[in-house]
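Notes for the structure review
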Amino acid sequence: MIERIWSGRSWLYILLLPLSALYGLISGLRKLGYKSGLLRSWKAPVPVVVVGNLTVGGNGKTPMVIWLVEQLQQKGYRVGVVSRGYGGKSGHYPLLVTDEVTTAQAGDESVLIQRRTGVPVVVAPKRADAVKELLAHFPVDIVITDDGLQHYALQRDYEIVVIDGIRRFGNGCWLPAGPMRELSGRLNTVNTIIVNGGTSETGELPMTLKGEVAVNLLTGEPRKVSDIPNGVAMAGIGHPPRFFATLQQLGVNLQATHAFADHQFYEKAQLLALANNEQNLLMTEKDAVKCSQFAQPNWWYLPVSAYLPEEQRQKMLGDICALIPE
């Protein structure tokens, strides 16, 4: 139902407009408070790059963070990542994400980024605290914050917004009548606009997510996903239909699909019920980091990587690298 409301296919959003107006007023006053200096923000001694979005839900932000980390690493820079750690709950903050830290503590996206890139990742509700902790223990040249576009308590040097090219901004309303954290006019003040899938507009940088080789959760065996028979797909991400469509485009004959809430945690019995021994359960990498402790021989995940046009991405990387002192 919420998808219908936010996409503009249901008139019920009208009933929520008063709450949206209140949301917009509060967020606008808060932003004005930081801009005017009434609310204090903190400036890090190293460049901070925010990768965020204007809407609620999966837009491809995490693959973009991973791509940016890898690109900067290839250029020889020491990179650190901070995050809110959404979906996790720790007994203390800031929390350094290590191999022993679970998704229940740090959130699935933070754990995924740490495992994929190997860079130090710190989570905290106040991202300034996370950056301070990161800098206290690691000699990083640049910090990337996963999400946090609206977290104005931390000053930033470069802003990247990731947009879902299919859904874009839905009905364009603030929460809860629509999916917007900030209205689309905010795009006029960011440095780079990335569009994941769909059709990019003038001034937007197109991004595609690619992945053809699945990995077995239990053994680590890689296998072309189209060669995995009797597939049953599950996804607990912002927009599960995107994952299901990707599998079908790769030639997977899906016998069933199961959509879960974003950041949902799973129990073994819950997932065992989705696929029998003759079937193979296919999931996203974001789901896999929450299921590795009770993985089964017929469970697979599909890692994806972001791809951007060469000329445009080099300009963006050049601008970001120029922020880093020699």
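Residues numbered from 1 in each chain as written. Predicted model: local features only at pLDDT ≥ 70, side-chain atom pairs only at ≥ 80, totals over all residues. Heavy atoms only, no water.

Formally: UniProt positions are given in the numbering used here, feature names are shortened, and annotations may be inferred rather than shown by experiment.
Taking an unreviewed UniProt entry as the reference, the chain is identified by name as Tetraacyldisaccharide 4'-kinase belonging to Xenorhabdus budapestensis. On record in UniProt, under Sequence similarities (unreviewed entry), the comment for the chain is "Belongs to the LpxK family."

1. As for the domain arrangement of the chain
Quick note on the threshold: Segment limits for the domains were obtained from an automatic or database-derived domain assignment. We call two residues contacting when some pair of their heavy atoms lies within 4.5 Å. We define buried area as the total accessible area lost by two parts upon association, computed with a 1.4 Å probe and summed across both. A side-chain nitrogen of Lys or Arg and a carboxyl oxygen of Asp or Glu constitute a salt bridge if their distance falls within 4 Å. Whenever a nitrogen or oxygen atom comes within 3.5 Å of another N or O atom, the pair is scored as a polar contact, on the condition that within protein one atom can donate a hydrogen and the other can accept it, and that pairs from neighbouring residues in sequence are kept only if both atoms are in side chains. The secondary structure listing takes helices from DSSP runs of H or I that are at least 4 residues long and strands from runs of E that are at least 2 residues long, numbered from the N terminus.
Looking at the chain, the domain boundaries give domain 1 (1–208 + 308–322) and domain 2 (212–303). Computed over C-alpha atoms, the centres of domain 1 and domain 2 are 26 Å apart. Taken together, the contact between domain 1 and domain 2 spans 16 residues of the former and 11 residues of the latter. Of the roughly 1,300 Å² buried at the junction of domain 1 and domain 2 (both faces included), carbon and sulfur atoms supply 53%. Of all residues in domain 1, the largest losses of buried area upon contact with domain 2 belong to Thr103, Asp108 and Leu112, amounting jointly to 35% of the total for that side. On the surface where domain 1 and domain 2 come into contact, there are 4 salt bridges. Salt-bridge contacts for Lys290 lead to Asp108; the nearest nitrogen and oxygen are separated by 3.1 Å. Applying the counting rule to domain 1 against domain 2 returns 5 residue pairs in polar contact (both at pLDDT 80 or more). At the level of secondary structure, the elements contributing two or more residues to the side of domain 1 that touches domain 2 comprise helix H4 (103–106) and helix H5 (108–117). Ranked by residue count, the leading element in the side of domain 1 that touches domain 2 is H5, at 6 residues.

2. Observations regarding helix H10 (residues 310–321)
Here is the rule: The span one expects for a helix is its residue count, reduced by one, times 1.5 Å. We call a residue buried when its accessible area falls under 20% of the maximum for its residue type, exposed when it is over 50%, and partly exposed in between, using a 1.4 Å probe and counting protein chains only. Here the arc refers to the set of directions running from the helix axis out to each C-beta atom.
Between its first and last C-alpha atoms H10 spans 16 Å; for 12 residues at 1.5 Å apiece the expected length is 16 Å, and the two agree. Those residues of H10 that sit buried are Arg313, Met316, Leu317, Ile320 and Cys321. Looking down the long axis of H10, one finds its buried residues gathered within 135° of arc, a one-sided arrangement. Away from its buried face by more than 90 degrees, H10 exposes Glu311 and Lys315.

3. Topic: the packing of aromatic side chains
To keep it simple, the criterion reads: Each Phe, Tyr or Trp ring (for Trp, its six-membered ring) is paired with any other whose centre lies within 6.5 Å, and the angle between the two planes then decides the class: stacked below 30 degrees, edge-to-face above 60, tilted in between.
Considering all chains together, one arrives at 3 aromatic pairs under this definition. With a centroid separation of 6.3 Å and an interplanar angle of 55°, the aromatic rings of Phe243 and Phe244 are classed as tilted. Across the pair, Phe244 and Phe243 agree in class, each one buried. Between Phe260 and Tyr266, the ring centres sit 5.3 Å apart and the planes meet at 80°, which makes this aromatic pair edge-to-face.

4. A closer look at the packing of helix H3 (residues 61–74) against H10
Between two packed helices, both the angle of their axes relative to each other and the distance between the axes serve to describe the pair. The condition that has to hold: Note on definitions: angles span 0 to 180 degrees between N-to-C directions of axes, and those axes are lines fitted to C-alpha atoms, for helices only across the stretch in contact. Any angle from 65 to 115 degrees is called roughly perpendicular, while one under 35 is roughly parallel, one over 145 is roughly antiparallel, and all others are oblique. Here a crossing is called left-handed whenever its near helix is offset anticlockwise from the far helix by less than a right angle, and right-handed whenever the offset is clockwise. Side-chain classes follow a simple rule in which Ala, Val, Leu, Ile, Met, Phe, Trp, Tyr, Cys and Pro form the nonpolar group, Asp, Glu, Lys and Arg form the charged group, and the remainder, Gly included, forms the polar group.
Between H3 and H10, the least distance of the axes is 11 Å, while the angle of their chain directions is 70°. As judged from the angle between their axes, H3 and H10 are roughly perpendicular. Classified by chirality, the crossing of H10 by H3 is right-handed. Across the interface between the two elements, Met64, Trp67, Leu68, Gln71 and Leu72 of H3 pack against Arg313, Met316, Leu317, Ile320 and Cys321 of H10. Of the residues in the contact of H3 with H10, the class split is 8 nonpolar, 1 polar and 1 charged.

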